[in-house]
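Here's the letter readout for the chains.
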Amino acid sequence: MNTLNRYVTNQHAYIAEKKKQPLLGFTTPSGKQATWEDIAVTFTSNKGISINLLFNNDNQPYAKINSTFSDKDRLDEHTHNLLFAFALDVLKENISKNNKRDKVTNAKKFLIALDENVTSSSMDEVQKTIDEMRYIQPLSAFFKWLKAHKMLSASVSPNLTREANDTRKKSGDDAIEAENSKLPDEKALLALGAIFYDVIPPYQDIKNKENTNSWAALNHPTTSQLDSYVCTMSALAMSSPNRAAAEQVLLTKQRLKDHNEVVNNNINTVYYLNWRGSKGYKDYQNHINAEMAESLDRALHYTALVTEPARALARFYQNPNLSLKKVLGEFKPNAKNLGALKPNDSKPTNLVHLGFLLGFYDDSDGYARVTCDTKGAIDTTKRKDYPVFIKHITKLLPLDKLEIKSRCPYASLLVGAAVDGKKQLSKYFNGQTEMTVAEFQNHYITINQQAMSGYNRAKTKRVDYEQALFTYTEKQLNTQQASHFLLVPIESLADFFDKNIKKAKNSYKTIFERHSFSTGFEITPHQFRHWQNNYLANKGLPHLLITMLSGRKNPEQTLTYIHTTDAQNASVISDILYEKETEEEVQDKVGKRLQSKAQYDDATDNLSPTFVNEVGFCTQDLTLTPCTYMTEFETQCTLCSSSCHIAHDKDAIELLNKDLTIQKHNLKQVQEAINFATSEGMQQWYETHYQNTCMLKSLIEVLSDDSIKKGAIVRFLTRSNVMRITDLETKTVTEHKLSLPDAKEALQAALAATTQTNNDSAKDNFLGFLGSV
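Residues numbered from 1 in each chain as written. Predicted model: local features only at pLDDT ≥ 70, side-chain atom pairs only at ≥ 80, totals over all residues. Heavy atoms only, no water.

Undergrad: Kindly report on the overall build of the chain, identifying the contributing residues and their values.
TA: What the chain contains, in helices and strands, is 30 helices and 17 strands. Residues classed as buried in the chain amount to 49% of the 773 residues present. In the chain, 60% of the contacts between residues at least 6 apart in sequence involve partners at least 24 apart. When the accessible surface of the chain is split by element, carbon and sulfur atoms take 50% of a total near 39000 Å². (Helix = DSSP H or I, 4+ residues; strand = E, 2+ residues; numbered from the N terminus. Buried < 20%, exposed > 50% of the residue type's maximum accessible area, 1.4 Å probe, protein only. Contact = heavy atoms within 4.5 Å. Areas by Shrake-Rupley, 256 points an atom, 1.4 Å probe, with all protein chains shown as cover.)

Undergrad: Would you mind going over the sheet that holds strand 1 (residues 26-27) in detail, with residue names and values included?
TA: If you trace the three strands from one edge of the open sheet to the other, you get 1-2-3, paired in antiparallel fashion. Two strands lie at the open edges of the sheet, namely strand 1 and strand 3 (50-54), each paired on one side alone. Sheet topology places strand 1 next to strand 2 (residues 40-44); two bridges connect them, and they run antiparallel. Directly across from T27, in strand 2, lies its bridge partner T42. (Pairing = 2+ DSSP bridges.)

Undergrad: Requested: an account of the environment of F716, with residues and values cited.
TA: Among the secondary structure elements, F716 is positioned in strand 15 (residues 713-717). When the C-alpha positions of F716 and M695 are compared, they lie 8.9 Å apart, and in sequence the two are 21 residues distant. Among residues more than four places away in sequence, those in contact with F716 are L639, C640, S641, M695, L699, N721, V722, M723 and L738.

Undergrad: Explain empty space enclosed by the protein to me, using residue names and the numbers behind them.
TA: Going through the model one piece at a time under the given rule, you end up with one cavity of 30 Å³ or more. By volume, the largest cavity is sized at about 50 Å³. Sorting the residues of the lining of the largest cavity by element identifies strand 7 (367-370), strand 10 (401-403) and helix 14 (409-415) as the ones contributing at least two each. Among the elements that take part in the lining of the largest cavity, helix 14 stands out by supplying three residues, more than any other. The residue inventory of the lining of the largest cavity, partitioned by class, reads seven nonpolar, no polar and two charged. (1 Å grid on protein atoms, 1.4 Å probe; cavity = no way out; pocket = protein on both sides within 12 Å on 5 of 7 lines; lining within 4 Å. Points joined across faces, edges and corners; volume = space filled by probe spheres on them. Nonpolar A, V, L, I, M, F, W, Y, C, P; charged D, E, K, R; others polar.)

Undergrad: Lay out unusual backbone geometry with the relevant residues and their values.
TA: Not every positive phi belongs to a glycine, and L639 is a case in point at roughly 75°. With a phi angle near 65°, H648 is a residue other than glycine that sits in the positive phi range. Mapped onto the fold, H648 is located in the loop between strand 14 (643-646) and helix 27 (650-671).

Undergrad: Break down the packing of helix 3 (residues 97-114) against helix 5 (residues 139-148) for me, citing the residues and quoting the values.
TA: Helix-helix packing is characterised by the crossing angle of the two axes and by the distance between the axes. Contact pair helix 3 / helix 5: the axes reach a minimum separation of 8 Å and the direction vectors enclose 80°. As judged from the angle between their axes, helix 3 and helix 5 are roughly perpendicular. Of helix 5, the residues touching helix 3 (which contributes K103, N106, A107, F110 and L111) are L139, A141, F142 and F143. Taken together, the residues of the contact of helix 3 with helix 5 break down into seven nonpolar, one polar and one charged. (Axes fitted to C-alpha atoms, helices over the stretch in contact; angles between N-to-C directions. Parallel < 35°, antiparallel > 145°, perpendicular 65-115°, else oblique.)

Undergrad: Got a sec to walk through the nonpolar core? Specific residues and values, please.
TA: Considering soluble globular proteins, one finds that nonpolar side chains tend to be buried as a cluster. Within the largest apolar cluster, 101 residues are counted, with the highest numbers of intra-cluster contacts made by Y229, Y317, F429 and F440. The leading source of residues in this core is helix 8 (residues 226-239), at nine residues. Ignoring any residue separated from it by four or fewer positions in sequence, one finds F429 in contact with I404, A411, L414, V415, V419, Q424, M435, F440 and H443. Listed in part, the 39 residues of the second largest apolar core include L139, F142, F143 and W145. (Core = buried A, V, L, I, M, F, W, Y, C linked by side-chain atoms within 4.5 Å.)

Undergrad: Any chance you could break down the packing of aromatic side chains for me, citing the residues and the numbers?
TA: The tally for this structure, following the rule as stated, stands at 25 aromatic pairs. Taking 4.9 Å as the distance between ring centres and 55° as the angle between the ring planes, the aromatic pair formed by F440 and Y444 counts as tilted. Separated by four residues within a single helix, F440 and Y444 lie in helix 16 (residues 437-447), roughly one turn from each other. Taken together, Y14, F86, F110, F142, F143 and W145 form an aromatic cluster joined through their ring pairs. (Phe/Tyr/Trp six-rings, centres within 6.5 Å; stacked < 30°, edge-to-face > 60°.)

Undergrad: I'd like to hear about the side chain of N106, residue by residue, with values.
TA: Within the fold, N106 resides in helix 3. Residue class for N106 comes out buried when judged on its relative accessible area of 4%. In this structure the side chain of N106 is engaged in a polar contact, spanning 3.4 Å, whose partner is the backbone nitrogen of L139. Beyond its immediate chain neighbours, meaning those up to four positions away, N106 contacts M133, Y135, I136, P138 and L139. (Polar contact = N/O pair within 3.5 Å; in protein donor to acceptor, adjacent residues only side chain to side chain.)

Undergrad: An account of helix 3 is requested, with residue identities and associated values reported.
TA: For helix 3, which comprises 18 residues, the first-to-last C-alpha distance of 26 Å matches the rise-based estimate of 26 Å (1.5 Å per residue) to within 8%. Considered for burial, the residues of helix 3 that qualify are K97, N98, K100, K103, V104, N106, A107, K108, F110, L111 and L114. Each element contacted by the buried residues of helix 3 is listed here: strand 3, helix 2 (77-90), helix 4 (123-131), helix 5 and helix 18 (490-501). Of the residues trailing helix 3, D115 is marked for its positive phi of about 65°. (Expected span 1.5 Å × (residues − 1).)

Undergrad: So what about a negative patch on the surface? Which residues, and what values?
TA: Negative charge collects at one region of the surface, where E37, D58, D76, E77, D115, E116, D124 and E125 lie side by side. Following the sequence through the fold, E37 ends up in the loop between strand 1 and strand 2. On the basis of relative accessibility, which here comes to 47%, the residue E37 falls in the partly exposed class. (Patch = residues over 30% accessible without salt bridge, like charges linked within 9 Å, V, L, I, M, F, W, Y side chains within 5 Å. Salt bridge = Lys/Arg side-chain N within 4 Å of Asp/Glu carboxyl O. Lys, Arg positive; Asp, Glu negative; His and termini not counted. Charge placed at Lys NZ, Arg CZ, Asp CG, Glu CD.)

Undergrad: Tell me about the pairing of strand 3, and name the residues and values.
TA: Strand direction decides the pairing type here: strand 2 and strand 3, joined by five bridges, are antiparallel. Looking across to strand 3, one finds that F43 is bridged to I51. Hairpin connection between strand 2 and strand 3: a loop of five residues separates the two successive antiparallel strands, and G48 in this loop has a positive phi of roughly 85°.

Undergrad: Lay out the pattern of salt bridges with the relevant residues and their values.
TA: For the structure on display, the rule yields 25 salt bridges. One salt bridge in this structure joins E330 and K253, with 2.9 Å as the shortest N-O distance. Remark: K253 occurs in the loop between helix 8 and strand 4 (257-263) and E330 occurs in the loop between helix 11 (324-328) and helix 12 (335-341); sequence separation between them is 77 residues. Owing to a relative accessible area of 58%, E330 belongs among the exposed residues under this scheme. Residue classification places K253 among the partly exposed positions, given a relative accessible area of 28%. Across the salt bridge formed by K658 and E654, the nearest N and O atoms sit 3.7 Å from each other.

If you want it as structure tokens, here you go:
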């Protein structure tokens, strides 16, 4: 019992130490500074990325950040504090926002289910609780954290792994059935095609695609575009093997592009889109299947038209002083609205007038409710105890006062959403009952700033909002409460796609159900990727080409998407081994880096295949030996002994320099962390990462060295601090020995800098080699 109590005592001591630290970056839903007692908190990093955390019990299982909590929703005090301390450490990790939230949420669910201190529970109780949980992958982080800080006995080692349903090891009908289950149902795809035809109908005049009269009834700014968004995302997913949530939502506004090539005296047309890179790849031109070209281009055209109002709003929110002409961009107001307002397009406008030109009030009489002392107000009072004064929207001036009442049709008309309580008054009118047009405008400028950040769901990449393809107002995508003045964040788009094509537990209707198809029809976003790769493989495309089309770094990943058994894979393994003819065809299109690779193979008589990465190429035979190299660098292959780099490769050097900037910033952040001086783990990381960052800087210097022949191959042997430089013309190899700073001394200098206020000399000592951070 004493042993157990020791761990509980350590928990209390660790929490007490954490409570001494200020909660920097933590706020409550109301925007106030958060405290340890708060159930709902938001943490905003110094990069502006926010994450919501809830420390509630299971009294409200579907609670959100803005839910109302009482003492009935509290965890017991110790569990709350332990979970909060865990969250503080998780938030420091260099992982995605979603991973951080998953770790904390999973730990909370475990503690709630266990219903007592984990160190006081028997092994059987802990294991039983874990076995009854549906999702346990992030839970290992919580147990590792407890043991690292001596808050749980090392002997408590529950089984946190579950046997994967590996269909690759199955045979016969079982394997075929299991693999086919990962593919979308053909009937669901056919249904989606029929829906697409209705939602985005073909052009009336195929020779004049700019004539979009057939879409006039479909693309009004206040009409729901949820189905057209789902159809366009599906068309993109069926046109090329894409990561829908990470890549497609980041596309810029564009139409399908084509390029003609002569092959065997025949003119072939290749279709492509400008695409955001992922997993270490730069932006590129993404190949689009010819079979989908017409449908996809039509979808892109339709989407570009219906998203113009949101782009206009984004330009206005970013700079309200822009001239009306620049704000409207490519949006063309109808003649009736232009005639009623008679605007000067060379001068700025106000938000309400912009909404009028965008068509938000086309189905109304166009009046807003104002206070009785507003100049030009019209008295429409019908009851003496309920005076009503209105003024036409086109006549409103910035200092005119709007009068806002709950359940008033004029308030609902103004924002395009029902206003029937305090929650709506707070959201749409900042809780005010009277506000000038200028105050109304400023409120919407403020609340839309975060929506225009342009990040995807994982917060890994972003797009300039006003240039994005998928820019929508809430009115266009939400099926219930929504305003035409609120913009949908890019990071929310993946969720809109997910829940509209696959069946969820809630009552939300999928696109199939809304169009009267079977309730059993559904497709998961990732099934499109499986289907696309399987489709290409069945058409006979080599696995190498599928890998390039899919944006993967090695062919082994491709095999997990192609739905064949091991026996079937064995019959086509020659595709993966890259016959010479296929390799030469690919080299012609990839360019300089693959040409240098071929020269390297020739110079070194390398008989095994080599693979291109983002900063060079890899000499490891990945078809036989999977890559196990791990790094915290953005450029994943840098410093691997199998990775080769090309001297004076400008693109690679530019990417490595960007990586160096990020790593120097990471070192600086860790060195300035509050617990750097006391955390052994952070110090170990710092020492290793400092040494690796110095190596990265040396690699950049060698690749940029004018004394080294252009096109020479540079290979880094990190264990011996040696760079081998291969002259491809003379087929000679020279070694370049590096002299790097002592990482242990750098760590001591960094620790010294944390204890010396305003003393930059110590910081200069340990960062001097790397340069300015």
